[in-house]
Amino acid sequence: MGPGQTVTVFGAYGHTGRFVVAELRGRGFVPVLSGRDEVKLKALAASYPGLEVRPASVDDANSLDRALDGAAAVVNCAGPFATTAAPVIEAALRTGIPYVDVAAEIEANADTFAHFADRARTTGAVIVPAMAFFGGLGDLLATAAMGDWTTADEAHVAYALNGWQPTEGTRAAGAVSRQRRGGARVVFRNGRLDYRHDDATTLQWPFPEPLGPRAVIGEFTMADVVTIPSHLSVPDVRTYMTAEAARDVSAPGTPAPAAVDDQGRSAQTFLVDVVVRCGGTERRAVARGQDIYAVTAPLAVEAVHRILTGRTRTVGVASAGEIFDAADFLRALSSHLSVELLR
């Protein structure tokens, strides 16, 4: 089982969805193109002769069932996930196939764990949320850095982006999250999510050379605060973003990503620096690569491949670091990421 199987991509014509479709094709899977807009689906299908188009809406359960019929798995790339995750998960549960999404929305991911964990575990279903640059990658790095530790005092995930040109989906998801929080910002402290109305601070983060210290927004909180503590005993999880990238993503006039190579990737580069601390000991994992949206595709597709070939450690709702062998998973992405484990 694995390559050669059909995988439905919901939101296939979106920016990240297109990368996922291409990656599935490159790995030998047969994508089924799905989403709400039939015109956009057919336009995408023109680039991939022979791929099936199955329009579907989260407001129409029958259409979702048709979209997933006969597929081996579904990858949900359609945000805001506060709207799409639950209906597509329900469809995956009805049709008995694994579900993977690329949600970066903190509340949407927390909802997936809260609402589906018991049912998925009982039925043996596999649901992997946040299998993306934000949430999935940080969790894999933190899990690999932990190694044989069973607990840690704190985990820090610092993102250095040389710029951030957000997609329409990123802007829409951000707006939904801000609305759900009532303008508050979220942090993970003392083993729980907490909402605050004070301003985040700017500080210096000591990124590895040659990048070196950079100004970051402290508590620029991302989906890692859901994925990491979902299975690791770490009561304090903090994430940071380089100040320039934080300004880019919040500015209304920042353009969308522009392709600079034949893979469709932008010129954006990233470094993810993960530090876990226990007592006076520190362990570190560092990942480097290009284009946060493009690298989401191999993360999601590698997850699908491992699920369909039985290379998983649990069932139910599980983040990347819990369900997969984190270090081995990261090694499998060597053509997309460079990773260092520093202990």
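Structure first, text after, so check above.
The rules behind the values
- Residues numbered from 1 in each chain as written.
- Predicted model: local features only at pLDDT ≥ 70, side-chain atom pairs only at ≥ 80, totals over all residues.
- Heavy atoms only, no water.
- Helix = DSSP H or I, 4+ residues; strand = E, 2+ residues; numbered from the N terminus.
- Rg over C-alpha atoms; globule rule 2.2 N^0.38 Å.
- Buried < 20%, exposed > 50% of the residue type's maximum accessible area, 1.4 Å probe, protein only.
- Contact = heavy atoms within 4.5 Å.
- Areas by Shrake-Rupley, 256 points an atom, 1.4 Å probe, with all protein chains shown as cover.
- Lys, Arg positive; Asp, Glu negative; His and termini not counted.
- Charge placed at Lys NZ, Arg CZ, Asp CG, Glu CD.
- Arc of directions from axis to C-beta.
- Polar contact = N/O pair within 3.5 Å; in protein donor to acceptor, adjacent residues only side chain to side chain.
- Axes fitted to C-alpha atoms, helices over the stretch in contact; angles between N-to-C directions.
- Parallel < 35°, antiparallel > 145°, perpendicular 65-115°, else oblique.
- Left-handed = near helix turned anticlockwise from the far one by under 90°.
- Nonpolar A, V, L, I, M, F, W, Y, C, P; charged D, E, K, R; others polar.
- Pairing = 2+ DSSP bridges.

(A) Quick look at the overall build of the protein chain. When its secondary structure is counted, the protein chain shows twelve helices and 16 strands. Taking 20 Å as the expected radius of gyration for a compact globule of 343 residues, we find that the protein chain reaches 19 Å, a close match to that expectation. Its C-alpha atoms give the protein chain principal-axis dimensions of roughly 55 × 45 × 40 Å. Counting the 343 residues in the protein chain, one finds 54% classified as buried. Residue pairs in contact within the protein chain that sit at least 24 positions apart in sequence constitute 70% of those at least 6 positions apart. When the accessible surface of the protein chain is totalled, it reaches about 13900 Å², and 49% of it is carbon and sulfur. Of note, the protein chain has its 32 positive side-chain charges centred 1 Å away from the centre of its 38 negative side-chain charges.

(B) Local environment of helix α3 (residues 61–68). Along α3, the residues that are buried comprise S63, L64, A67 and L68. Summarising the axial view, the buried residues of α3 lie within an arc of 130°, below the 170-degree limit, and thus occupy one face. Exposed side of α3, more than 90 degrees from the buried face: N62 and R66 are the residues found there. Tucked into the core, α3 has its buried residues touching β1 (6–10), β2 (30–35), β3 (53–55), β4 (73–76) and α4 (81–95). The opening residue of α3 is D60, an N-cap whose side-chain oxygen sits 3.1 Å from the backbone nitrogen of N62. At the C-terminal side of α3, G70 shows a positive phi close to 80°.

(C) The arrangement of the packing of helix α1 (residues 15–26) against helix α10 (residues 296–308) in detail. In contact at an axis separation of 8 Å, α1 and α10 are set at 50° when each is read in the N-to-C sense. By the angle between their axes, α1 is oblique relative to α10. Two packed elements cross with a definite hand, and for α1 against α10 that hand is right-handed. Note on element contacts: α10 touches α1 through T296, A297, P298 and V301, opposite T16, F19, V20, E23 and L24. Its residues assigned to classes, the contact of α1 with α10 shows six nonpolar, two polar and one charged.

(D) Fine view of the pairing of β1. Burial within β1 is extensive, with four of its five residues counted as buried. With five bridges connecting them, β1 and β2 associate as parallel partners. If you follow T8 over to β2, its bridge partner there is V32. For β1 and β4, the ladder comprises four bridges, and the chain directions are parallel. Residue pairing in the sheet places T8 in a bridge with V74 of β4.

(E) Looking closely at the pairing of strand β8 (residues 185–189). Most of β8 is tucked away: five of the five residues are buried. With antiparallel pairing between neighbouring strands as the criterion, β8 and strand β9 (residues 192–196) make up a hairpin whose turn holds two residues, including N190 at a positive phi of roughly 50°.

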